[in-house]
Amino acid sequence: MIAVEVKNLVKHYGKVQAIRGISFSIDSSEIFGLIGPNGAGKTTALRIISTLLTLTDGSINVMGFDLEKKPEEVRKIMSYLPEDAGAYKNLTGKGYLEFIANFFNPKTVRNMVAKGVQIADLGERINDKVDTYSKGMKRRLLVGRALMTDPRLAILDEPTSGLDVNNAQEVRNIIKSTAKKGTTVLLSSHNMLEVEYMCDRIALIDEGLIVEKGKPVDLMKKYNAKNIEEVFMKVVKK
Amino acid sequence: MSFSLILKDEFKGFYKSKVMIFLWIGLPILAFILHFFLSDAYGTLSTLTAVLVSNIGGLLAAVMLTVNIINEKDTRVYDLFLIRPLKRWHLVVSKFLAVFICVSIACLLAITLGIAVDFFQSSIPIDIIAQNLVDPLIMTFSVIAISSATGILFGVISPSILVGVVLVIFVGNYISSIPSIVPFVFDIKDPVIYVLAIGVIFTIVLMSLGIILFERKEF
């Protein structure tokens, strides 16, 4: 079953063409990666699907809902982790998770917070103010916030950005186990080796266009490359 | 549900902010000093205190709101709210209400303290003091409401904190002083209705503009 379908998506910022007509679809419970260098249009695409930006042209369907016509319905079933999201600094980590959980069903708040605390895995520091957290700790808290709601679609923009090797590995495992439980994951990264490990399928995006897509293994075979980084270089040079 | 949550959060954030702590303490001290050193002539001093505290409170309210909104835009705090099925105007109105109520209470405390000093220091009957309190209070609330609304509007439209603060100081400050200037400029005998009307109309217009622009804004 197709969870997300993007058709000929175009986004202009004034005269700048950030996205120039991209199409892709994501199956249910799939981890789909949008891969590309900085400025390729990954974040713009994710922010449009997250309903934060409006599209200039094209159409997007999320779990049967037209994004333009029913953004409220899409918001109910998805969660978004921005690349550089800010958490409320005057709250503790746990207070922040509780604050966000309260926007959902009041009966589920306790379970949701417990799950968020478990994913963030900050130990006793979860009771400290967010202001005192390191960049990596804030990121883990935000990953916990994004996944504690058991969203049907999780949109994760550079989920391991700013994390050290151990933390990044843990977050990758969390994302993989979340997808196994039924969540569809759309993520972006410029770390091509990371997505090779995590994603079921990927789309390589460059200058607002998808230049190649498929399973990482298939793409490596097709381009006779050792990794996705090499695939990307070969595709872009073509 | 979501509106009350956001409003509660905004209150928590604002009432114990450094600027608010300055207002909670500073404005009553200012009012006390004014009344202690100057003598009142049947409410003149109350009006003077009201003009002063409302202008200081109003300016700081506008700066607080502008800086807060621009900061939250920059740090992408809004992303986390806007992806939830809540109304965008809730964010703006909750900020306005939180600051308006906090600053109004601080000003009310200051003016009440001034009145109390008047009462104990002079022989003015309490009923006259109470009568003279109505006009300054309405003017104070009008100024703070307009200031808070300009703070919201400039916070939404400004690309940086510097631009926002400059707009508040050089434009917002003049707009918000209109209710306190009108009675003096036009020598209106019963200005309270005009002051109230100006406060309500300007606040509604500025807030509506702020909300419309916030609704259309792409984050």
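Residues numbered from 1 in each chain as written. Chains lettered and ligands numbered in written order. Predicted model: local features only at pLDDT ≥ 70, side-chain atom pairs only at ≥ 80, totals over all residues.

The next subject is the nonpolar core. Nonpolar side chains in soluble globular proteins tend to be buried together. With 73 residues, the main nonpolar core has I35, I49, I155, V185 and L186 of chain A as its most contacted residues. The contacts of I155 of chain A, once residues within four sequence positions are left out, are L46, I49, S50, M78, Y80 and L186 of chain A. The next biggest cluster of nonpolar side chains, apart from the first, holds 54 residues, and it includes V63, I111, F202 and I211 of chain B. (Core = buried A, V, L, I, M, F, W, Y, C linked by C-beta atoms within 7 Å. Buried ≥ 20, exposed ≤ 12 C-beta atoms within 10 Å, placed from the backbone. Contact = placed C-beta atoms within 7 Å.)

Another aspect to go through is the confidence of the model for chain B. All names here are of chain B. This prediction gives chain B a mean pLDDT of 85; 95% of its residues lie at or above 70. The spread of mean pLDDT over the elements of chain B runs between helix α8 (residues 178–185), the lowest at 78, and helix α9 (residues 192–216), the highest at 93. Across the whole predicted complex the pTM is 0.83, and at the interface the ipTM reaches 0.76. (pLDDT = per-residue confidence, 0-100. Helix = DSSP H or I, 4+ residues; strand = E, 2+ residues; numbered from the N terminus.)

Here we come to the environment of F219 of chain B. Looking at the element boundaries, F219 of chain B is found in the segment after α9. Accessibility expressed as a C-beta count within 10 Å gives 17 for F219 of chain B, which makes it partly exposed. In the structure, F219 of chain B is positioned 140 residues away from D79 of chain B in sequence and 7.2 Å away in space, judged by C-alpha atoms. Not counting the four nearest positions on each side in its chain, F219 of chain B is found in contact with L52 of chain A together with K73, Y78, D79 and L82 of chain B.

On to the sheet that holds strand β3 (residues 31–35) of chain A, then. All names here are of chain A. The mixed open sheet is built from six strands, whose spatial order is β6-β7-β8-β3-β9-β10. Each having just a single partner strand, β6 (78–81) and β10 (209–214) make up the two edges of the open sheet. On average, adjacent strands in this sheet sit at an angle of 15° to one another, irrespective of strand direction. In the sheet, β3 pairs with strand β8 (residues 184–189) via five bridges, with the strands oriented parallel. For I35, the partnering residue across the bridge sits in β8 and is S189. Here helix α5 (residues 135–147) sits on the sheet and contacts β6 and β7 (153–157); the angle it forms with β6, its principal contact strand, is near 170°. Contacts between helix α9 (residues 228–237) and the sheet are confined to β3, β9 (201–206) and β10, with β9 contributing the most and set at about 40° to the helix. (Pairing = 2+ DSSP bridges. Axes fitted to C-alpha atoms, helices over the stretch in contact; angles between N-to-C directions.)

Before going further, it helps to spend a moment on helix α6 (residues 165–180) of chain A. Residues and elements named next belong to chain A. Its 16 residues give α6 an end-to-end C-alpha distance of 23 Å, which sits within 8% of 22 Å, the value for a rise of 1.5 Å per residue. Every buried residue of α6 is accounted for by V171, I175, T178 and A179. All buried residues of α6 fall inside an arc of 100° around its axis, so they share one side. Exposed residues pointing more than 90 degrees away from the buried face of α6 are listed as V165, N166, N173, S177 and K180. In this fold, the buried residues of α6 make contact with β3, α5, β7, β8 and α7 (192–198). In the segment just after α6, G182 is the residue with positive phi, at about 120°. (Expected span 1.5 Å × (residues − 1). Arc of directions from axis to C-beta.)

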